[in-house]
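Okay, here's what each chain looks like letter by letter:
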Amino acid sequence: MIEVKEAVKKFLDVNVLNRVNLKIERGDKIALMGPNGAGKTTLVRSILGFYHLDSGEIRVKGFDPIKERVKVLENISFIPQTPPPIKLNVEELLEYVSKSSKTLRGDILKESSKMDLDVLKNLKKPFFKLSGGMKQKLLIAIALAKKSDILIFDEPTANLDPKAREKFYELLSSLDENISTIFITHRLEEIEGLVNREIYMDLGSIVEDERI
Ligand SMILES: Nc1ncnc2c1ncn2[C@@H]1O[C@H](COP(=O)(O)OP(=O)(O)OP(=O)(O)O)[C@@H](O)[C@H]1O
Ligand SMILES: [Mg+2]
């Protein structure tokens, strides 16, 4: 599903990704861990085509994240570490998402309500004025409603209260087994039952990659 070969990404002459090699197969449920600054977010952003590598190669279902960005993004649902400052109100955002990615509005509402987020009550609110947890829930709902077979979550539970966190993990546990997931987290204990592979990064390299 995803292949990363000898990926090098530099920021200010420092190798933030230092020859990373990684193969993600269909159905892999990965916990991606490692200290702050290890390069986790950079790796994920490179897979999404947000960064150009300095050298090496990435393919997502055979597509190049830079040259075939649209194809790559069609195949991935991504939840960023910090919610983007979207100016659209919730209604407009739903419309935009359903038009641009063939995601059904009804599915977004359904996934939201599973996390106790009442979208209909908030339609007129600009996205950036939602609370941190509400933003996160809405982004998660959109990602799940998109029904991609690759899901990437960059610490999505940081803003969620304990109950919402639990609901979120419940949702994850009901994902199709063929879906591949990368789950960046500092709290392995919370997702241990949901993953079958643990990857540790440090200083831009993968230092451990274990199937469990
Ligand atoms: N756009 C950028 N410009 C310059 N440096 C960057 C940029 N993005 C990331 N870095 C640097 O790359 C290193 C890795 O950052 P990254 O965000 O990938 O870490 P991370 O493993 O996701 O950490 P965290 O657990 O804190 O989220 C850090 O030293 C960071 O300062
Ligand atoms: Mg990060």
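Above: the structure in question.
Residues numbered from 1 in each chain as written. Chains lettered and ligands numbered in written order. Predicted model: local features only at pLDDT ≥ 70, side-chain atom pairs only at ≥ 80, totals over all residues. Heavy atoms only, no water.

Q: Tell me about the overall build of the chain, and please be specific about residues and values.
A: Across its full length, the chain holds 7 helices and 9 strands. At 17 Å, the chain has a C-alpha radius of gyration in line with the 17 Å of a compact globule built from 212 residues. Across the 212 residues of the chain, 47% fall into the buried class. Considering only intrachain contacts with a sequence separation of at least 6, the fraction spanning at least 24 residues in the chain is 65%. A total of about 10,700 Å² of accessible surface is found on the chain, and carbon and sulfur atoms cover 50% of it. (Helix = DSSP H or I, 4+ residues; strand = E, 2+ residues; numbered from the N terminus. Rg over C-alpha atoms; globule rule 2.2 N^0.38 Å. Buried < 20%, exposed > 50% of the residue type's maximum accessible area, 1.4 Å probe, protein only. Contact = heavy atoms within 4.5 Å. Areas by Shrake-Rupley, 256 points an atom, 1.4 Å probe, with all protein chains shown as cover.)

Q: Lay out the site of ligand 1 in plain terms, naming residues and giving numbers.
A: Around ligand 1 sit 14 residues, and of these Gly37, Lys40, Thr41, Thr42 and Gln81 come closest. Between ligand 1 and the protein, one listed contact pairs an oxygen atom with a side-chain N or O atom of His186 at 3.1 Å. Considered on its own, ligand 1 offers 640 Å² of accessible surface; in the complex 63% of this is hidden by protein. Of all the elements, helix 1 (residues 40-47) adds the most residues to the shell around ligand 1, at 3 residues. Grouping the amino acids of the shell around ligand 1 by side-chain chemistry returns 5 nonpolar, 7 polar and 2 charged. (Near = heavy atom within 4 Å. Polar contact = N/O pair within 3.5 Å; in protein donor to acceptor, adjacent residues only side chain to side chain. Nonpolar A, V, L, I, M, F, W, Y, C, P; charged D, E, K, R; others polar.)

Q: Tell me about the coordination of the magnesium ion (ligand 2), and name the residues and values.
A: Only Thr41 (OG1) and Gln81 (OE1) from the protein reach the magnesium ion (ligand 2) as donors, at distances of 2.0 to 2.4 Å. Here Thr41, found in helix 1, pairs with Gln81, found in the loop between strand 5 (76-79) and helix 3 (90-101); they are 40 residues apart in sequence, far enough to count as distant. By relative accessible area, which is 26% here, Thr41 ends up partly exposed. (Donors = N, O, S within 2.8 Å, 3.2 Å for Na, K, Ca; no water.)

Q: Got a sec to walk through the packing of helix 4 (residues 105-114) against helix 5 (residues 132-145)? Specific residues and values, please.
A: Packing of helix 4 against helix 5 brings their axes to within 8 Å, and their N-to-C directions diverge by 130°. Classified by the angle between their axes, helix 4 and helix 5 sit oblique to one another. The two elements helix 4 and helix 5 meet at a crossing, and its hand is right-handed. Between helix 4 and helix 5, the contacting residues are Asp107, Ile108, Glu111 and Ser112 on the first element and Leu138, Ala141, Ile142, Leu144 and Ala145 on the second. Along the lines of polarity and charge, the residues of the contact of helix 4 with helix 5 split into 6 nonpolar, 1 polar and 2 charged. (Axes fitted to C-alpha atoms, helices over the stretch in contact; angles between N-to-C directions. Parallel < 35°, antiparallel > 145°, perpendicular 65-115°, else oblique. Left-handed = near helix turned anticlockwise from the far one by under 90°.)

Q: Can you explain the side chain of Ser77? Please cite residues and give values.
A: Relative to the helices and strands, Ser77 resides in strand 5. Polar side-chain contacts of Ser77 include one of 2.9 Å to the backbone oxygen of Ala143. Every residue in contact with Ser77, bar those within four places of it in the chain, is listed here: Ala143, Lys146, Ser148, Ile150, Leu151 and Ile152.

Q: So what's going on with the packing of helix 3 against helix 4? Residues and values would help.
A: Helix 4 packs onto helix 3 with a crossing angle of 125° between their chain directions and a minimal axis gap of 9 Å. Judged by the inter-axis angle, helix 3 sits oblique to helix 4. When helix 3 is examined against helix 4, the residues Glu91, Leu94, Val97 and Ser98 are found in contact with a partner set consisting of Arg105, Ile108 and Leu109.

Q: Outline helix 6 (residues 162-173), supporting the account with residue identities and numerical values.
A: In this model helix 6 runs 17 Å from its N-terminal to its C-terminal C-alpha over 12 residues, within 8% of the 16 Å that 1.5 Å per residue would give. Burial in helix 6 covers these residues: Ala164, Arg165, Phe168, Tyr169, Leu171 and Leu172. For helix 6, the buried positions fall inside an angular range of 155° around the axis, keeping them on one side. Residues Pro162, Lys163, Glu166 and Glu170 are exposed on helix 6 and point more than 90 degrees away from its buried face. Elements that come into contact with the buried residues of helix 6 comprise helix 4, helix 5, strand 6 (150-154), strand 7 (180-184) and helix 7 (188-191). (Expected span 1.5 Å × (residues − 1). Arc of directions from axis to C-beta.)

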